[in-house]
Amino acid sequence: MNIIDGKLLAANLRAEIAEGVAALKAEKGVQPGLAVILVGDNPASVSYVTAKEKACTEAGMYSREIRLPAETTEAELLKLVSELNADSAIHGILIQLPLPKHISEKAVINAIAPEKDVDGFTPVNVGRMLIGEDCFLPCTPHGIIKLIEFSGMDIKGKSAVVIGRSNIVGKPVAVLLSRKKTNATVTLCHTGTPDIAKFTREADIVVVAAGRPGTLTGDMLKPGAVVIDVGVNRISDASKPKGFRLVGDADFESCSQVAGAITPVPGGVGPMTITMLLWNTLESAKRGV
Ligand code: NAP
């Protein structure tokens, strides 16, 4: 059984991205710039944003951190997004979610110019992805495809099951796996699927993104399957300094005995999400926004 090392793949890709950034600076005098907006001080969001800024700087990109108080109004945020849309030093705009309840996430995301939407969340990018046009692919789903390829599996002709149908993970993963380029046959499972194991037992690839520990267990897998565990769940654990540990949606112990390859949590999908954000920011700068 192979543990798919997301940290290693991320480090390899980040080194390639840093080379691309250096080449763009040398040839065109352009430094890719990412604006990261955080509203409020949700501890998980603060740590995600800090990691994104650090990765951006390490790749040689310009990172503009914009940290706003929780009382920021929707109108103020929309004005800021509009200014960043027009700012030629900024090639990508990222708004850390969730936003405070009084701000419409939909309104703010929709205000990002599609050519700076490096998260791939705007309806224009999602639509372009669906119809196979050039676009920014959403970061976590794109990273998942890279991880499956990195496991050594040739996706073409394989049968894949995706558990979870969120707009940011499950649905786009199903779309990407079923593109002609990857050519998998995909089944999308969710809480309305009566017997998920019936599908997973036939699958060569299982992507689990349910946000529930133990959603996938070894007895649900076909021997040799590739398992991508997207879930990040906090489990109370008094023996840990922070009082919790992170687990995925797959029961690692039983799944790793049956799977051919599996991503760990942490160290699997997580590092790839930020990497694909850097990827999209470099692409945006190359397009000469
Ligand atoms: P979400 O919006 O809560 O969606 C969860 C999906 O899973 C829903 O479609 C839900 O079905 C389905 N589901 C929940 N429990 C299920 C069950 N027992 N059986 C079958 N389907 C079930 O979550 P998300 O945003 O997609 O995130 C999923 C997980 O991935 C979370 O743990 C999140 O923290 C993690 N995540 C990690 C990264 C990363 O970079 N590592 C990035 C994004 C998300 P219904 O639609 O029927 O309710």
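Residues numbered from 1 in each chain as written. Predicted model: local features only at pLDDT ≥ 70, side-chain atom pairs only at ≥ 80, totals over all residues. Heavy atoms only, no water.

With that settled, the discussion passes to the overall build of the chain. Assigned secondary structure in the chain consists of ten helices and eleven strands. For 289 residues, the compact-globule estimate of 2.2 N^0.38 gives 19 Å, and the chain sits close to it at 19 Å. Principal-axis analysis of the C-alpha atoms places the extent of the chain at approximately 50 × 45 × 35 Å. When each of the 289 residues of the chain is scored for burial, the buried share is 48%. The long-range fraction of contacts in the chain, counting pairs at least 24 apart against all pairs at least 6 apart in sequence, stands at 68%. If the 31 positive side-chain charges of the chain are averaged to one point and the 31 negative ones to another, these points end up 2 Å apart. (Helix = DSSP H or I, 4+ residues; strand = E, 2+ residues; numbered from the N terminus. Rg over C-alpha atoms; globule rule 2.2 N^0.38 Å. Buried < 20%, exposed > 50% of the residue type's maximum accessible area, 1.4 Å probe, protein only. Contact = heavy atoms within 4.5 Å. Lys, Arg positive; Asp, Glu negative; His and termini not counted. Charge placed at Lys NZ, Arg CZ, Asp CG, Glu CD.)

Another point: the sheet that holds strand β5 (residues 159-163). One open sheet accounts for six strands, arranged β1-β11-β8-β7-β5-β6; its pairing is parallel. Two strands lie at the open edges of the sheet, namely β1 (2-3) and β6 (185-189), each paired on one side alone. Bridging between strand β8 (residues 226-229) and strand β11 (residues 261-262) involves two bridges; their strand directions are parallel. Bridging from a neighbouring strand, Val227 pairs with Ile262 of β11. (Pairing = 2+ DSSP bridges.)

Among the secondary structure elements, Ser63 is positioned in strand β3 (residues 62-68). Here Ser63 falls in the buried class, since its relative accessible area comes to 17%. Dropping the residues within four chain positions of it, Ser63 is found in contact with Leu34, Glu53, Cys56 and Thr57.

The next point concerns helix α2 (residues 43-58). Taking 1.5 Å per residue as the helical rise, α2 with its 16 residues ought to reach 22 Å, and the 23 Å between its terminal C-alpha atoms agrees with that figure. Those residues of α2 that sit buried are Ser45, Val49, Lys52, Glu53, Ala55 and Cys56. Viewed along the axis of α2, the buried residues span an arc of 165 degrees, placing them on a single side of the element. Facing away from the buried side of α2 by over 90 degrees, the exposed positions are Pro43, Lys54, Thr57 and Glu58. Contact partners of the buried residues in α2: α1 (6-28), β2 (33-39), β3, β4 (92-95) and α10 (269-286). For α2, the capping residue at the N-terminal end is Asn42, with a side-chain oxygen 2.9 Å from the backbone nitrogen of Ala44. Looking one or two places after α2, you find Gly60, whose phi comes out positive at around 90 degrees. (Expected span 1.5 Å × (residues − 1). Arc of directions from axis to C-beta. Polar contact = N/O pair within 3.5 Å; in protein donor to acceptor, adjacent residues only side chain to side chain.)

With that settled, consider the packing of α1 against helix α6 (residues 139-150). Two elements in contact, α1 and α6, have axes separated by 11 Å at closest approach and are oriented at 105 degrees. The orientation of α1 relative to α6 falls into the category roughly perpendicular. Residues Gly6, Leu8, Leu9 and Leu13 of α1 form the contact with α6, whose participating residues are Lys146, Leu147 and Phe150. By residue class, the composition of the contact of α1 with α6 is five nonpolar, one polar and one charged. (Axes fitted to C-alpha atoms, helices over the stretch in contact; angles between N-to-C directions. Parallel < 35°, antiparallel > 145°, perpendicular 65-115°, else oblique. Nonpolar A, V, L, I, M, F, W, Y, C, P; charged D, E, K, R; others polar.)

The next point concerns the packing of aromatic side chains. Using the criterion set out here, one finds zero aromatic pairs in the structure. When the ring centre of Phe136 is taken as origin, the NZ or CZ atom of Arg287, which lies over that ring, is 4.5 Å away. (Phe/Tyr/Trp six-rings, centres within 6.5 Å; stacked < 30°, edge-to-face > 60°. Lys NZ or Arg CZ within 6 Å of the ring centre and 35° of its normal.)

Further remarks concern the environment of Gly157. Here Gly157 is to be found in the loop between α6 and β5. For Gly157, a relative accessible area of 64% translates into the label exposed. Taking C-alpha positions, Gly157 is 28 Å from Phe121, a pair spaced 36 residues apart along the chain. In this view, Gly157 contacts Thr182 and Asn183; residues no more than four positions away in its chain are not counted.

Contact geometry for α1 and α10: axes closest at 9 Å, N-to-C directions at 15 degrees. On the basis of their axis angle, the class for α1 and α10 is roughly parallel. Classified by chirality, the crossing of α10 by α1 is left-handed. Packed against α1, whose contacting residues are Gly6, Lys7, Leu9, Ala10, Leu13, Arg14, Ile17, Gly20, Val21 and Leu24, the element α10 presents Pro271, Met272, Ile274, Thr275, Met276, Leu278, Trp279, Leu282, Ala285 and Lys286 at the interface. (Left-handed = near helix turned anticlockwise from the far one by under 90°.)

For the chain, the assigned domains are domain 1 (28-113) and domain 2 (139-270). Centre-to-centre separation of domain 1 and domain 2, based on C-alpha positions: 29 Å. (Domains from an automatic or database assignment.)

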